Amino acid sequence: MSDFSSSGSDEDLDPELELLDELGGKLSKWTNYIHGWQDRWIVLKGNILSYYRSADEKEYGCRGSICLSKAVITPHEFDECRFDISVNDSIWYLRAENPLLRQQWIDTIELHKAESGYGSESSLRRHGSLLSLTSAASGLSTTSASSFKKGYSLQEKLAEMETFRDILCRQVDTLQKYFDNCADIDSKDELHRDKASEDEEDFLTSRPDGNYLLNNNNSSKEKLFSVDSLKGSLGIDFKGEAITFKATTAGILSTLSHCIDILVKREESWQRRLDKEIERRRRAEDAYKAALTELKKKPHYGGPDYEEGPNSLINEEEFFDAVEAALDKHDQIEEQSHAERSRASRQISLPPDTYSSISPPKYLTKVEEMVQSHMTYSLQDVGGDANWQLLVEEGDMKVYRREVEENGIVLDPLKATHAVKGVTGHEVCHYFWDTAFRNDWETTIESFQVVETLSDKAVIIHQTHKRVWPASQRDVLYVSVIRKILSTNENDPDTWLVCNFSVDHDSYPPSARCIRAKINVAMICQTLISPPEGDKEITRDNILCKITYVANVNPGGWAPASVLRAIAKREYPKFLKRFTSYVQEKSSGEAILF
C-alpha cells in the first residue's frame, strides 16, 4: 500500500464524525488461482469496507464490499504482510507492502468496527429502539410484553391494581380532609374550655347513642352535641370511609398476593425455559466447536492457503478428490472435442524417412546418450524384477511402477507394455512425435510451442499443462527426437523410438506462474508381421505393433505422494488407450508405413 489517506478535513473534526470519514489505500487482494494477488484500491468508510480495481475507477462503482459489524480480522500466522477479513462464509485475503502498513490497516479497521458497528455505545445512541422507549414509558420490561400473551390474568390483576390505586388515593384525600376538620373542631373546643374554666367548669361526657353531653358544675343544665355536627359542611361519613378504606386495602393485598402467585409460577416457567435455553446454547457451542474443527479439516476451497505445498491446509484425501474431479471434467470436455475432431479428420502427410545432423552440436551428445540408454535399459523385461510393481493389467496392456522418493518428492518411474493391431511402429512414433497432431490426442496440454528446430527429426518444445486444482500449474521444456534403430539381428524387427527429455533454454527460463517439471520419456515401438497366406499382400490384419512406454517425471514441487501415485495409476492406462485408439483410427484406410 503506497498511501493511506483520508478524504475528510483534519481541522475541527468531531471524534465520532472523524471515524466515518472515507479512508483509502492500495492493497493486494487474492482474486483467484488464475490471476493470484492483484493490486486493488481499498476504501474504508464507516463500518463498510469496499474495493475497486483502481483509485481512478471509483466513479464506476465498487467491485465488492463487506460490513465490518460482525467481521473477524485475522493476521496471517506466517505471512507478515497478510491479513484476512471474514464475515460468515465470505473471506477477503489482503496483503500490505510491509508489516507496519498491515498493522495500520488492522488497527484502523478494528477501530471503525468498534466505533461504528452495532452493539457499541455510539451505535446505541444512533440506533434507538422504539420497543425500548415504549416499554420504558409503560414501566414494563420488554419480556413482559410477550409474557402477557400467555398470562392474561396477570394483566387483569395489574389493571385492578391501577383501579385500587385511584380509589385509595381518593379515599386518602377524603380522610385527610376529615382529619383536618376534626383538628379544627378540637382546637375550637380547647379554646372554649379555657374560657369556660374562668366562669364555670364544663365538661363533655359521651352517651350511649354516640352523642356528647356538655355538663356544667354550677348548674344542672346540659347541652347535647351530636357527632353529625362534626361533618360540618363537608358531609363526610367517617364510618363509611373507614370501611371503604379497609376494603380497598384488603383488595390491594389480595391482588398483590394473586400477582405474587402468578409471578412465582411465571418465574418457574421462565426458569425452565432458561434452563432449556442454556442447554440449547451449550449444544450450539459444542456444534460450533465441532463445525470449526471440521472446517479446518474441510476448508472452503478458494483461498491461497489451500494451494499445493507441504504447508497446505487441505489433507491428502481432499487433495485427491479435488484433482480427480478436475480430471473427470477434463475427460468430459475431451470426449466432446474428440467427436468434433472425428467429423473433421485431416489427411495424413508423413514426412520422408530422411535425417540430418542435429544443430546446435551441444544437444547432439545428450540426444545420443538418451537414445542409447533407452535402447539398453527400457526394453529389458521387468517380469522378474521385484522392484517393479504391476499396477494395471487390461488385456495386452500392463503398467508397472517402481517407487522412488527424493527429499519428499515422488519420482516413481513408470513402464507400460502394450500390443496394438493394425498399425506399425513408425506410425505410432510419428503421431507421438509430430506436433501437428499433438492436440488431437493429448488432453492435458493447455498450450505448446516449438522453441527451436534442431533438425527435421529433433525439436525443442515448451509445453504448458492444464492446471488441476489444487495442484499448481506445470510446464516442461524438452527435446523431442524420433529415430529409427536398425536391428543388428536379421531375425529381429527394426525399432522406432521417440525420446523426450528436459533441457534448459535461454529463451524460456522458469517463470513464477508455473512449476517447471523435468521429464525423461520414451515411446519404443517394434512392428511384428504375420506372413499372409500364399502370394497375398500384407494388410493391416497381419500387423501387430509392440509398444514399450517409459516415463520418469520429476513434478518439480511437493504434492502428496499418495495422490500422485493414485493419479498415475488412473491416468497412464487411460492415456495409452486413448493414444493407441487415435493411431488406429488415423491409420485406418491409409497406406501402411513401415
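Residues numbered from 1 in each chain as written. Predicted model: local features only at pLDDT ≥ 70, side-chain atom pairs only at ≥ 80, totals over all residues. Heavy atoms only, no water.

## Remarks on the nonpolar core
Ranked by internal contacts, the top residues of the largest apolar core, which has 37 residues, are Val428, Phe432, Met523, Tyr549 and Phe579. If one sorts the elements of this core by residue count, helix α13 (residues 561–587) sits on top with six residues. In contact with methionine 523, not counting residues within four places along its chain, are Val428, Cys429, Phe432, Trp496, Leu497, Val498, Ile547, Thr548, Tyr549 and Phe579. In this structure, Tyr51, Ile66, Phe83 and Trp105 belong to the second largest nonpolar core, which totals 20 residues. (Core = buried A, V, L, I, M, F, W, Y, C linked by side-chain atoms within 4.5 Å. Buried < 20%, exposed > 50% of the residue type's maximum accessible area, 1.4 Å probe, protein only. Helix = DSSP H or I, 4+ residues; strand = E, 2+ residues; numbered from the N terminus. Contact = heavy atoms within 4.5 Å.)

## Thoughts on the side chain of histidine 462
Looking at the element boundaries, histidine 462 is found in strand β18 (residues 458–465). On the basis of relative accessible area, histidine 462 is assigned to the buried category, the value being 13%. There is a polar contact of 3.0 Å between the side chain of histidine 462 and the side chain of aspartate 475. If we ignore the near neighbours within four places in the chain, the residues touching histidine 462 are Ser447, Phe448, Gln449, Val451, Asp475, Val476, Leu477, Tyr508 and Arg516. (Polar contact = N/O pair within 3.5 Å; in protein donor to acceptor, adjacent residues only side chain to side chain.)

## Focus: the side chain of serine 378
Residue placement: serine 378 occurs in helix α10 (residues 364–378). For serine 378, a relative accessible area of 9% corresponds to the buried category. Here histidine 374 takes part through its side chain, which lies 2.9 Å from a polar atom of the side chain of serine 378.

## Here we look at the packing of aromatic side chains
Tallied over the full model, the rule gives twelve aromatic pairs. Ring geometry for phenylalanine 432 versus tyrosine 549: centroids 6.3 Å apart, planes at 80°, classification edge-to-face. Of this pair, phenylalanine 432 sits in helix α11 (residues 425–433) while tyrosine 549 sits in strand β23 (residues 543–554), and the two are 117 residues apart along the sequence. Accessibility assignment for this pair places phenylalanine 432 and tyrosine 549 in one class, buried. Taken together, the ring pairs connect Phe432, Trp441, Tyr549, Tyr572, Phe575 and Phe579 into an aromatic cluster. Its end group placed over the ring of tryptophan 37, arginine 95 keeps NZ or CZ at 5.8 Å from the ring centre. The side chain of arginine 273 reaches across the aromatic face of tryptophan 270, ending 4.7 Å from its centre. (Phe/Tyr/Trp six-rings, centres within 6.5 Å; stacked < 30°, edge-to-face > 60°. Lys NZ or Arg CZ within 6 Å of the ring centre and 35° of its normal.)

## Quick word on the UniProt feature "coiled-coil region" (unreviewed entry) in the protein chain
Under the feature "coiled-coil region" (unreviewed entry), the UniProt entry names residues 267–294. Taken end to end, residues 267–294 has its terminal C-alpha atoms 39 Å apart, with 100% of it in helix and 0% in strand. (UniProt positions renumbered as here; feature names shortened; annotations may be inferred.)

## Remarks on α13
Across its 27 residues, α13 extends 39 Å between first and last C-alpha, which sits within 8% of the 39 Å expected from 1.5 Å per residue. Looking one or two residues beyond α13, the residue adopting positive phi is glycine 589, at roughly 85°. (Expected span 1.5 Å × (residues − 1).)

## Observations concerning the environment of arginine 401
Position of arginine 401 among the secondary structure elements: in strand β13 (residues 397–401). Residue arginine 401 is classed as buried on the basis of its relative accessible area of 9%. Sequence-distant contacts of arginine 401, that is, excluding residues within four places in its chain, are made with Asn387, Trp388, Gln389, Leu391, Asp412, Pro413, Leu414 and Arg565.

## Re the environment of isoleucine 485
Position of isoleucine 485 among the secondary structure elements: in strand β19 (residues 474–485). Isoleucine 485 sits 41 residues away from glutamine 526 along the chain, and the two C-alpha atoms are 9.9 Å apart. Excluding residues that lie within four positions of it along the chain, isoleucine 485 makes contacts with Val371, Met375, Asp494 and Thr495.

## Brief notes about the pattern of salt bridges
Tallied over the full model, the rule gives 20 salt bridges. Residues arginine 280 and glutamate 277 are paired through a salt bridge, measuring 3.1 Å at the closest nitrogen-oxygen approach. Of the two residues, arginine 280 and glutamate 277 both sit in helix α8 (residues 238–297), three residues apart, roughly one turn of that helix. Residue class for glutamate 277 comes out partly exposed when judged on its relative accessible area of 44%. One salt bridge connects arginine 516 with aspartate 475, and the closest N-O pair in it is separated by 3.0 Å. Within this pair, whereas arginine 516 is found in strand β21 (residues 515–516), its partner aspartate 475 is found in strand β19, the two being separated by 41 residues in sequence. For the pair formed by arginine 516 and aspartate 475, the shared burial category is buried. (Salt bridge = Lys/Arg side-chain N within 4 Å of Asp/Glu carboxyl O.)

## Overview of the packing of α11 against α13
Where α11 contacts α13, the two axes come as close as 10 Å, and the packing angle between them is 110°. Judged by the inter-axis angle, α11 sits roughly perpendicular to α13. In the packing of α11 onto α13, the handedness of the crossing is right-handed. Residue-level contacts link Glu427, Val428, Tyr431 and Phe432 of α11 to Phe575, Phe579, Tyr582, Val583, Lys586 and Ser587 of α13. Taken together, the residues of the contact of α11 with α13 break down into seven nonpolar, one polar and two charged. (Axes fitted to C-alpha atoms, helices over the stretch in contact; angles between N-to-C directions. Parallel < 35°, antiparallel > 145°, perpendicular 65-115°, else oblique. Left-handed = near helix turned anticlockwise from the far one by under 90°. Nonpolar A, V, L, I, M, F, W, Y, C, P; charged D, E, K, R; others polar.)

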